[in-house]
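Given next are the chains, with one letter for each unit.
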Amino acid sequence: DFAAKGAICVRGNHDRAVAVPDGALNDNARRVIDWTVNRLTARQKLFLAELPLLIEEEDMLFVHASANDPADWIYVTAAEKALPSFRVSKARLIFCGHVHRPQIYSYDLSGRVAQFAATPAQPVPLLTSRRWLAVIGSVGQPRDGSALAGYAILDRTTNELTFRKVGYDAATTARKSRERGLPESLARRLMKGI
């Protein structure tokens, strides 16, 4: 159990949908949630239901979607979508997901937001004169054109964030998804990242 070992875990929209039906989910997502609900134990469902929407730790904030309205599941896809998160939080570093595409934004002293590409294996210097919002990407169901699993590493010593991509057995995962009758489009996305 990663949470018991100190991992930071926040509730995402699919975690919420396990306990609370969500009419905003598309048909494929709803099918996966229905499949999942029937396989989780009561303890696992309770764990998901009790996850916080955001966690603040030191100068960092962790949230699934946006810091400004974490329960509304806003997609941070552009500078203007990142700005409200900076306005509601004083955190120097905001980490989120939800979009399934890695991206990074900075907020300067004049209140301007700039968007940067999250190039794998290229450390991003997190200048202390700015605040940062990083959309980490996705380990599964990527939307960035890469079937590889995405994550990022924060180096507090060098003050750099490095986005990473790593291969995994996506073909086996897609096969298992098909065998369980889950939507074919989700199996294809695992292989193509779109």
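Look up a bit, the structure's there.
Bear in mind the structure is a predicted one, so any value in this text is a computation, not a measurement.

Now for the sheet that holds strand 5 (residues 113-116). Pairing in this open sheet of six strands is mixed, and the strands run 1-2-3-7-4-5 from one edge to the other. Where the open sheet ends on each side, the last strands, each with one partner, are strand 1 (54-57) and strand 5. Strand-to-strand twist of the sheet, defined as the mean angle between neighbouring strand axes without regard to direction, takes the value 15°. Inspection of the sheet shows strand 4 (residues 103-107) paired to strand 7 (residues 131-135) by five bridges, in the antiparallel sense. Residue Tyr 105 lies in a different strand from strand 7, and its bridge partner there is Leu 133. Of the strands in this sheet, strand 3 (93-96), strand 4, strand 5 and strand 7 are in contact with helix 4 (residues 79-88), which crosses strand 4 at around 55°.

Core analysis: the largest hydrophobic core is formed by 15 residues, its most contacted members being Phe 86, Ile 94, Tyr 105, Leu 133 and Val 135. Where this core is concerned, the elements lending two or more residues are strand 2 (60-63), helix 4, strand 3, strand 4 and strand 7. In terms of residue count, the dominant contributor to this core is helix 4 (three residues). Sequence-distant contacts of Val 135, that is, excluding residues within four places in its chain, are made with Val 76, Cys 96, Gly 97, Val 99, Arg 101, Pro 102, Gln 103, Tyr 105 and Phe 163. Listed in part, the 13 residues of the second largest apolar core include Val 10, Ala 134, Leu 161 and Phe 163.

Time to look at the sheet that holds strand 9 (residues 160-166). Here we have three strands laid out as an open sheet, ordered 6-9-8, and antiparallel in their pairing. Edge strands, defined here as strands with exactly one partner in the open sheet, are strand 6 (124-125) and strand 8 (149-155). Direction of pairing for strand 8 relative to strand 9: antiparallel, over a ladder of seven bridges. Note on strand 9: the bridge partner recorded for Leu 154 is Leu 161.

As a further point, take the packing of aromatic side chains. Taken as a whole, this structure holds three aromatic pairs when the rule is applied. With centroids separated by 5.4 Å and ring planes inclined at 20°, the aromatic side chains of Phe 62 and Phe 95 adopt a geometry described as stacked. Of this pair, Phe 62 sits in strand 2 while Phe 95 is found in strand 3, placing the two residues 33 residues apart along the sequence. Both residues of the pair, Phe 62 and Phe 95, count as buried. Between the aromatic rings of Phe 116 and Trp 132, the centroid separation amounts to 6.1 Å while the plane-to-plane angle is 40°, which identifies the pairing as tilted. Note that Phe 116 is positioned in strand 5 and Trp 132 in strand 7, a separation of 16 residues in sequence. Note on Trp 132: relative accessible area 4%, which makes it buried.

On to the pattern of salt bridges. All chains considered together, the criterion is met by 10 salt bridges. The salt bridge involving Glu 184 is made with Arg 188; its shortest N-O contact spans 3.9 Å. With Glu 184 and Arg 188 both in helix 6 (residues 184-192) and four residues apart, this pair spans about one turn of that helix. Given a relative accessible area of 41%, Arg 188 falls into the partly exposed group. Because the salt bridges share partners, they merge into one network encompassing Glu 58, Asp 59, Arg 92 and Arg 156.

Moving on: the pairing of strand 5. A regular strand carries its side chains on alternate faces of the sheet. Bridge analysis of strand 4 against strand 5 gives four bridges, and the strand direction is antiparallel. Each bridged residue has a counterpart across the sheet, and for Tyr 105 the counterpart in strand 5 is Gln 115. Counting the residues in the hairpin turn of strand 4 and strand 5 gives five residues, including Gly 111, whose phi is positive at 90°.

Residues Tyr 151, Ile 153 and Val 166 make up a contiguous nonpolar surface patch of roughly 230 Å² in combined accessible area. Along the chain, Val 166 turns up in strand 9. Owing to a relative accessible area of 39%, Val 166 belongs among the partly exposed residues under this scheme.

Reading the values: rules and limits
Counting restarts for each chain, with residues numbered from 1 along the sequence as it is written. Given that this is a predicted model, residues contribute local features only at a pLDDT of at least 70 and side-chain atom pairs are listed and counted only at 80 or more, while totals for whole chains, interfaces and linings are drawn from all residues. For side-chain calculations, the full set of non-hydrogen atoms in the structure is used, while hydrogens and water are omitted. Strand pairing requires that DSSP identify at least two bridges connecting the strands. Each helix is a run of H or I in the DSSP string that is no shorter than four residues. Each strand is a run of E no shorter than two, and both are numbered from the N terminus. Axis definition: a line fitted to C-alpha atoms, limited for helices to the stretch in contact. Angles are taken between N-to-C directions and run from 0 to 180 degrees. Contacts were defined at the residue level, with two residues in contact if any of their heavy atoms lie within 4.5 Å. What makes a nonpolar core is a set of buried Ala, Val, Leu, Ile, Met, Phe, Trp, Tyr and Cys residues whose side-chain atoms join them at distances within 4.5 Å. The buried label goes to any residue with under 20% of its type's maximum accessible area, the exposed label to any with over 50%, and the partly exposed label to all in between, with areas taken from a 1.4 Å probe on protein chains only. Each aromatic pair joins two rings of Phe, Tyr and Trp (for Trp, the six-membered one) with centres within 6.5 Å, and gets the label stacked for planes under 30 degrees apart, edge-to-face for over 60, and tilted for any other angle. For this analysis, a salt bridge means a side-chain nitrogen from Lys or Arg found within 4 Å of a carboxyl oxygen belonging to Asp or Glu. Within this analysis, patches are made of residues with over 30% relative accessible area and no salt bridge. Like charges are joined at 9 Å or less; nonpolar side chains (Val, Leu, Ile, Met, Phe, Trp, Tyr) at 5 Å or less. Reported accessibility uses the Shrake-Rupley method at a 1.4 Å probe radius. Residues are deemed covered only where the shown protein chains occlude them.

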